[in-house]
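# Observations on the three-dimensional arrangement
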Amino acid sequence: MAGYYKKRILVTGGCGFLGSHLCERLLDRGCDVLCVDNFFTGSRDNVLHLKDHPYFELMRHDINLPLYAEVDEIYNLACPASPVHYQSDPVQTTKTCVIGVIHMLGLAKRTGAKIFQASTSEVYGDPRIHPQPETYWGNVNPVGSRACYDEGKRCAETLVFDYHRQNRLRIKVARIFNTFGPGMHPDDGRVVSNFIVQALKNQPITIYGHGAQTRSFCYVDDMIDAFILFMNSPDEFIGPVNMGSPAEVSILELAETIIRLTRSRSEIVFRPLPADDPEQRQPDIRLARTHLGWSPKISLEDGLRQTIAYFDTLLTERQTR
Ligand code: NAD
Ligand code: UDP
Ligand code: UDP
């Protein structure tokens, strides 16, 4: 149609949890989406419902190899996010955060595309300041078992900022805090999916440590709103910007809430705390509120209800198959 232009958007890691939600939302907004994934933790199943959409294209590709495509915007989400997965091949994790990011930045430089980098609250490590503002430089063990991810993502931020300074790239760096919702994989290994699956099966709920450590969980729909608002915000606003829920809970409280909402007969069992597991985490989201007018709308309990319903259906389907 003359005069009608569809924005071409590359989503790397588009078959993962956040990526698949993002692809769907961008298609709903009338964009042309190229989804790139190497299926390390994500799968085709996550985007199966999009496969016949005329403006959706799926490409199997590892971003650690160069990629040539003509796009207007890049959301770089490719990277395993669950500690179990990113620690299963730590060298690959760092490569994806460094070499993979260099390729996406090279692509942005050549095409002039704007690039959104999915960074993480893990750049703050085991924080000594609470809640964490973007100005805090963090407390990361550079040789620990989480370092492949924490240091990888820190280096990715450095690269994105240096390409901005050196090559005038248009950049958007988001520090994402714990996010959950429908679409998570039952074997993802992160706490919300583990607890819900265990509760629905009336199996023991595995708390690592004593459960006094805290996290702040954001519902996926709120997070995707933040991504899109940020990408479309003025070029001067480049971040890094925290995105997450300020509602902090202990892991024990989370377990109790999930047991209550699922009316489960599961007992709670305590397992060893993994090395370098952060004790406390809560985002300071004043920057996102001010610049994006964003804050999460969905409460933890409402989000958990949606997620429980999703896993309930998924587990029932698996049983009857
Ligand atoms: P996920 O593991 O579900 O998705 C990651 C996707 O990236 C998967 O589909 C995987 O196959 C793909 N991938 C991994 N390495 C790749 C490579 N080298 N080339 C191409 N594809 C590759 O994780 P998620 O929760 O959807 O996280 C998405 C992004 O958001 C990640 O960058 C993660 O670090 C960041 N993040 C997520 C959270 C969260 O709570 N979900 C929190 C902080 C940061
Ligand atoms: N690159 C890519 N796609 C492109 C352009 C570049 O994958 O469309 C890769 C390229 O192979 C290089 C990296 O991005 O390895 C960084 O590109 P840049 O132009 O910054 O560096 P140079 O090519 O000058 O080393
Ligand atoms: N956790 C737990 N039981 C599980 C999985 C995770 O107690 O079955 C704990 C984990 O030790 C951490 C918190 O829950 O303290 C959040 O873990 P997750 O892997 O979801 O995310 P991250 O540690 O990266 O914030």
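Summary of the structure given here. (Residues numbered from 1 in each chain as written. Chains lettered and ligands numbered in written order. Predicted model: local features only at pLDDT ≥ 70, side-chain atom pairs only at ≥ 80, totals over all residues.)

## Some thoughts on the nonpolar core
Counting 80 residues, the largest nonpolar core has Val 11, Val 33, Cys 35, Ile 74, Ala 174 and Phe 195 as the members making the most contacts within it. For Val 33, the contacting residues outside a window of four places in its chain are Ile 9, Val 11, Cys 23, Leu 26, Leu 27, Tyr 55 and Phe 56. (Core = buried A, V, L, I, M, F, W, Y, C linked by C-beta atoms within 7 Å. Buried ≥ 20, exposed ≤ 12 C-beta atoms within 10 Å, placed from the backbone. Contact = placed C-beta atoms within 7 Å.)

## What to know about the site of ligand 2
Taken together, the residues surrounding ligand 2 are Pro 66, Leu 67, Tyr 68, Ile 102, His 103, Gly 106, Leu 107, Lys 109 and Arg 110. Along the lines of polarity and charge, the residues of the shell around ligand 2 split into 5 nonpolar, 2 polar and 2 charged. (Near = placed C-beta within 6 Å. Nonpolar A, V, L, I, M, F, W, Y, C, P; charged D, E, K, R; others polar.)

## Observations regarding the site of ligand 1
The immediate surroundings of ligand 1 are formed by 28 residues, with Gly 13, Gly 16, Gly 42, Ala 78 and Ala 81 found nearest. Of all elements in the fold, only helix H1 (17-28), helix H3 (90-111) and strand E5 (114-120) reach the threshold of two or more residues within the shell around ligand 1. The greatest single-element share of the shell around ligand 1, amounting to 3 residues, is contributed by H1. When the residues that make up the shell around ligand 1 are grouped by side-chain class, the tally is 13 nonpolar, 13 polar and 2 charged. (Helix = DSSP H or I, 4+ residues; strand = E, 2+ residues; numbered from the N terminus.)

## Some points on the packing of helix H5 (residues 191-200) against helix H7 (residues 251-262)
When two helices pack together, their arrangement is given by the angle between the helix axes and the distance between those axes. Packing of H5 against H7 leaves a shortest axis separation of 10 Å and a crossing angle of 40 degrees. Considering the angle they form, H5 stands oblique to H7. Taken as a pair, H5 and H7 cross one another with a handedness that is right-handed. Residue-level inspection shows Val 191, Phe 195, Ile 196, Ala 199 and Leu 200 of H5 in contact with H7, the latter providing Ile 251, Leu 254, Ala 255, Ile 258, Ile 259 and Thr 262. Taken together, the residues of the contact of H5 with H7 sort by class into 10 nonpolar, 1 polar and no charged. (Axes fitted to C-alpha atoms, helices over the stretch in contact; angles between N-to-C directions. Parallel < 35°, antiparallel > 145°, perpendicular 65-115°, else oblique. Left-handed = near helix turned anticlockwise from the far one by under 90°.)

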